[in-house]
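Here is what each chain is made of, one letter per residue.
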Amino acid sequence: MKRALAIADRAALVSLKLLVALNALFFLSFLIVLLLAMGRAHAEAPACAGADLLSALQKEDPATYSRIETEAAATLNGKGLLWKLEKSGEKPSFLFGTMHMTDPRVTTLPPAARKAYGAAGTIIIETTDVLDKQKMMEAMLKEPELMMFTDNTTLSSLLSPEDAAVVNKGLDARGIPPASVSKMKPWLLSAMVALPVCEVARQAGGAPVLDVKLAQDAKALGKPVEGLETAASQLHAMASLPIAFHIKGLVETLKLGDKINDINETMIVLYQRGDTGTFWPLLRSISPDEDDDAGYAEFDRTMITGRNKVMADHAAPILAKGNAFMAVGAMHLPGPEGLVEDFRKAGYTVTAVN
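Residues numbered from 1 in each chain as written. Predicted model: local features only at pLDDT ≥ 70, side-chain atom pairs only at ≥ 80, totals over all residues. Heavy atoms only, no water.

A. Structural context of the state of the cysteines. Here the structure, examined in full by the defined rule, presents one disulfide. With its sulfur 2.0 Å from that of its partner, Cys48 forms a disulfide with Cys198. Here Cys48 and Cys198 share a disulfide; its torsion about the S-S bond, 110 degrees, makes the bridge right-handed. One end of the pair, Cys48, is in the loop between α2 (28–36) and α3 (53–60); the other, Cys198, is in helix α10 (residues 197–204), with 150 residues separating them in the sequence. Look at Cys198 and you get buried, because its relative accessible area is 4%. (Disulfide = S-S within 2.5 Å. Helix = DSSP H or I, 4+ residues; strand = E, 2+ residues; numbered from the N terminus. Buried < 20%, exposed > 50% of the residue type's maximum accessible area, 1.4 Å probe, protein only.)

Encoded structure:
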C-alpha cells in the first residue's frame, strides 16, 4: 500500500478503530456533552470537513480495496440498516442500525425506516438513562472510579515522556488544559477527542444524536420508549477493557489531529451505504498488527457480541408485544453473533428492507 495514502498512516488506523469502538457505546454521547459543554463547544459549531478515505483507497490501491469489498460481501448480514422481524402470532417489528452522531445525513432516516418508525407502537433504544440527566449524574457519581483515578494515579504517570508530550500538545490544540483532565480515565478522555470539533460542538449545543432524537420524537408523539441496558452497565463494559488499550487509542488519536475529520467522513459514508459489514474488513486489511488484533478481539467480545446477547434477551418480551421499532448501534447488526442472527436463532424470520 502506498505510504502517501492517508488511511495507511498508523495514527489513522488506530483512530479509525477507536471511532468504531466509541460508536458502539451510546452512553458516550452524553458524556461528551457533559464534559465539553463548558469549553470550546459553546462556540458556534464550525463547518465539518473531511474526505472519504475508502474512496482514496479505491483509487490508490485497488487490489486492497477489492479484498476489502470481497470480505465485506461475505460478512453475514453485512448489508442493510433496516431489518423486519416476523414471528407467528406477533405483529412484525423492525430492527434499525444507528450511528451515535448528530450529522444531518445520519439523523435523517431513510424513507423505509421513517415509515417503519412512524407506524411503530413502541420505540426501543440502547438505554433510556440518557434521557434523564439527573439519573445519569447519579449513575456516574455512584461509581466515580469507573471514570476517574481515585488513587494517586494520574494520566501522565501512565505515559512515557514521548507519549505525554503528544497528549499535552493534542489536548492544548483542542482547548483542553492537560492539568484539568489529569485524573480522568483515558477512555473517557478519548471520547472527548475522537470526534471532530464540529460534531462535539453540535452535541454540546443541544443537537441530539440519532438515538436520542428517535426517543425524544417518540415521546412527543406519546409513544412508549423502552431501553435495553443501563448507563452503569455500559460504563462497566468500557472501563473493563485493559488500560493499555485505552492509552494507545488516546495517544494515537491525538497524533491524528485534524485528520479525524477524514475518519469521521469515512464512517458516515459507510453508514449511509448501509455497509455495516465493511467496518472490520477495512480495519483488518490495512492493519496487520497482531497485537492490535488481539486487543480489538477483546473489545469485540466485551463491547459488541457480549452486549448483543443482553440486548436480544431484554428485547424479547418487548418484541413479543409486536409492532416495535428497535434502534441500536449499527455495529451490533452484522456477523454470526450479531443481532440479526441472534433474532433468527430466537425464532424470527429476519429480512433486510430495501
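B. Local environment of helix α11 (residues 210–220). Three or more residues of α11 are buried, namely Leu210, Asp211, Val212, Leu214, Ala215 and Ala218. Phi for Gly222, located one or two positions after α11, is positive at around 80 degrees.

C. Region of the structure containing the sheet that holds strand β1 (residues 82–86). Read from one edge to the other, the open sheet built from six strands follows the order β4-β3-β5-β2-β1-β6, with strand pairing classed as mixed. At either end of the open sheet lies a strand with only one pairing partner, and these are β4 (225–227) and β6 (349–352). Each adjacent strand pair in this sheet contributes to an overall mean axis angle of 25 degrees, direction not counted. Against the sheet, helix α6 (residues 111–119) makes contact with β1, β2 (93–98), β3 (122–125) and β5 (324–329), and its axis sits at roughly 130 degrees relative to β5, the strand it touches most. (Pairing = 2+ DSSP bridges. Axes fitted to C-alpha atoms, helices over the stretch in contact; angles between N-to-C directions. Contact = heavy atoms within 4.5 Å.)

D. Broad picture of the nonpolar core. Counting residues in hydrophobic clusters, the biggest one holds 64 residues, and the most contacted among them are Phe96, Ile123, Leu171, Leu189, Tyr271 and Phe325. Ignoring any residue separated from it by four or fewer positions in sequence, one finds Tyr271 in contact with Leu81, Phe96, Gly97, Thr98, Met99, Val106, Leu210 and Ala330. Leu95, Leu228, Ile318 and Met326 belong to the second largest nonpolar core, which has 19 residues in total. (Core = buried A, V, L, I, M, F, W, Y, C linked by side-chain atoms within 4.5 Å.)

E. Fine view of the packing of helix α9 (residues 186–193) against helix α13 (residues 243–256). α13 packs onto α9 with a crossing angle of 25 degrees between their chain directions and a minimal axis gap of 8 Å. Compared by their axis directions, α9 and α13 come out roughly parallel. Considering how the two elements wind past one another, α9 and α13 form a crossing that is left-handed. Contacts between α9 and α13 involve Pro186, Trp187, Leu189, Ser190 and Val193 from the first element and Ile243, His246, Ile247, Gly249, Leu250, Thr253 and Leu254 from the second. In terms of residue class, the contact of α9 with α13 is built from eight nonpolar, four polar and no charged. (Parallel < 35°, antiparallel > 145°, perpendicular 65-115°, else oblique. Left-handed = near helix turned anticlockwise from the far one by under 90°. Nonpolar A, V, L, I, M, F, W, Y, C, P; charged D, E, K, R; others polar.)

F. Summary view of the pattern of salt bridges. In total, this model carries 13 salt bridges according to the counting rule given. In this structure, Glu341 and Arg344 form a salt bridge, with 3.1 Å as the shortest nitrogen-oxygen distance. One end of the pair is Glu341 and the other is Arg344, both in helix α17 (residues 339–345) and three residues apart, which spans about a single turn. Overall, the relative accessible area of 17% leaves Glu341 in the buried class. Taken together, the shared-partner salt bridges in this structure form one network comprising Glu69, Lys79, Arg273 and Asp275. (Salt bridge = Lys/Arg side-chain N within 4 Å of Asp/Glu carboxyl O.)

G. Local environment of the pairing of β5. Judged by how many residues are buried, β5 sits mostly within the fold: six of six residues are covered. Where β2 and β5 come together, five bridges link them in parallel fashion. Residue pairing in the sheet places Thr98 in a bridge with Gly329 of β5. As defined by bridge partners, β3 adjoins β5 across three bridges and the pair is classed as parallel. In the sheet register, Ile124 faces β5, and the bridge partner there is Met326.

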